[in-house]
Amino acid sequence: MKFITSCLLAVILSCLLVYISALDLTFNVTGKADDKGICSCSVQIPDNTFPVARMEVLENTASALSLKVEREISKISEYTRSIQFYEQRIRNLSIKVETMEKTSISYTQLDFEFLKLEIAEMEKLVSQLKTSVTGNVIVEQLYTEIKNMTLMVHQLESLDKNNVLAIRREIVALKNRLKECQEHSGKENSYIPAGTCSHGGIVNISKPSVIQLNWKGFSFKYGAWGKDYSILKKENSAYWVAPLNADARYLEYYRLYNSYDDLLLYRNSRENRVDYGQGSGHVVYDSFLFYNCHGSGDMCKHDVNGNKLALRRNLPGAVFNNRFSYAGVAWQDIDFTVDESGLWVIYSTEASTGNIVISKLNDTTLTVENTWQTRQYKPSVSNAFIVCGVLYAVRPVNTRKEEIFYAYDTKTNQEISVNIMIDKVLETMQSINYSPDDHKLHVYNDGYLLSYQLEFQPLPN
């Protein structure tokens, strides 16, 4: 009986060992037989239970670290975008200073205020970087340099109290004016009163004056800007800036500034929203924004004071949705413009096979009062504007120059060849708007706001 029991125990022990082997566990076995021949074994199995609790702790820790890393990466991306923005703002300042140097324009109090504003914004950004990136040598050095720049601007401002630099530049300007007088000796004074057409057309255009980057930033390369004009309101000083969304098609937000100084300093602005415009052919006239209604051949009239759509009307026969837009500028099939007599629209029709059509509009009802058909193909023109009833068309020459090459006089129905060069800061002129108030062209050039002074041919006695 004892022998049978011992064998049974041996069989059970063998099965147990096989089972443990199947579990791939490490174990120690010791055995012995007593004086009666009974075998006894002892098995030591280590505790290899899977540490579930510790694994959960590890997973929670890894998840928390992952979220923290994602937040830090998001901060880095945000600061990278901010740095890129201010880097472009610095380039903008450099362009302005370079232009001032070339055109002999004197520095004014406003220039110093603008510089101080730009530097203050950069100082704010670097302070934020210091808070997030503690102990970074490059950030600390950048912060010190910006502080030194602030001191330098204040010193320059105080040193120029006698306006010595301005006097020197004024001497250069006087010399240039004397040279112009000598070249135009015997001719009548070319001064033209604002809002009048007592001249013989455009004969020259000034160098560009870089006003600033648009308020949305350098990524918003398409849009338009200008000065509100009205035949009834002779002293209107409001300016407007309307960049398209980043897709270069949608017009959604625009800003109004009460004065030129407010425009320069990005202050006292009113931001309005339209629902929706298309392309950069919009213009503000007599406190109304006129634009191509999105995805249609309709004209929209938006009240800028009430911030609401006042009127919508179809432009008969006009093509749309990039059918015959300007060369290099998409979605500008319908282009509104203003001159001394009021509101116009430049467009094409299927009947005109893409040639430019000009219509004079009633700005109250948006009805067409008169229409002119030209023989100039619109997609070969980079932009166009109207001065005193004369259409002027522009085409690109290279990345730095455009040419006013074509004119159409709506009073005489004559087409005229023109050769007036326009300097650019960047490659593409997205829009050109004429201001009868000051005889200037307001150009939206790859996100930058430029202005040009027009020079007219004086009428004979």
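Structural data are supplied above this passage.
Remember, it's a predicted structure, so these values are computed and weren't measured experimentally.

Cut-offs used in this document
Residues numbered from 1 in each chain as written. Predicted model: local features only at pLDDT ≥ 70, side-chain atom pairs only at ≥ 80, totals over all residues. Heavy atoms only, no water. Salt bridge = Lys/Arg side-chain N within 4 Å of Asp/Glu carboxyl O. Helix = DSSP H or I, 4+ residues; strand = E, 2+ residues; numbered from the N terminus. Buried < 20%, exposed > 50% of the residue type's maximum accessible area, 1.4 Å probe, protein only. Disulfide = S-S within 2.5 Å.

Summed over the entire model, instances satisfying the criterion amount to twelve salt bridges. Between Lys-401 and Asp-423 there is a salt bridge, with the nearest N and O atoms lying 2.4 Å from each other. Note that Lys-401 is positioned in strand β19 (residues 401–409) and Asp-423 in strand β20 (residues 414–423), a separation of 22 residues in sequence. In this structure Lys-401 comes out as partly exposed when scored by relative accessible area, which is 29%. Residue Asp-423 is classed as buried on the basis of its relative accessible area of 15%. Shared partners join several salt bridges into a network, and the residues in it are Lys-207, Lys-401 and Asp-423.

Turning our eyes to something else, we now look at the state of the cysteines. Taken as a whole and judged by the stated rule, the model has two disulfides. The disulfide bridge from Cys-197 ends at Cys-388, spanning 2.1 Å between sulfur atoms. Disulfide Cys-197-Cys-388: the torsion about the S-S bond is -95 degrees, which places it as left-handed. Remark: Cys-388 occurs in the loop between β17 (383–387) and β18 (390–398) and Cys-197 occurs in the loop between α5 (164–183) and β3 (202–205); sequence separation between them is 191 residues. For Cys-197, a relative accessible area of 37% gives the class partly exposed. You can call Cys-388 buried: its relative accessible area is 10%. Disulfide pairing is shown between Cys-293 and Cys-300; the S-S distance is 1.9 Å. The disulfide joining Cys-293 to Cys-300 has a torsion of about 120 degrees about its S-S bond and is therefore right-handed. Here Cys-293 matches Cys-300 in class, with each residue buried. Across the chain, the disulfide pattern expressed with sequentially numbered bonded cysteines is 1-4, 2-3.

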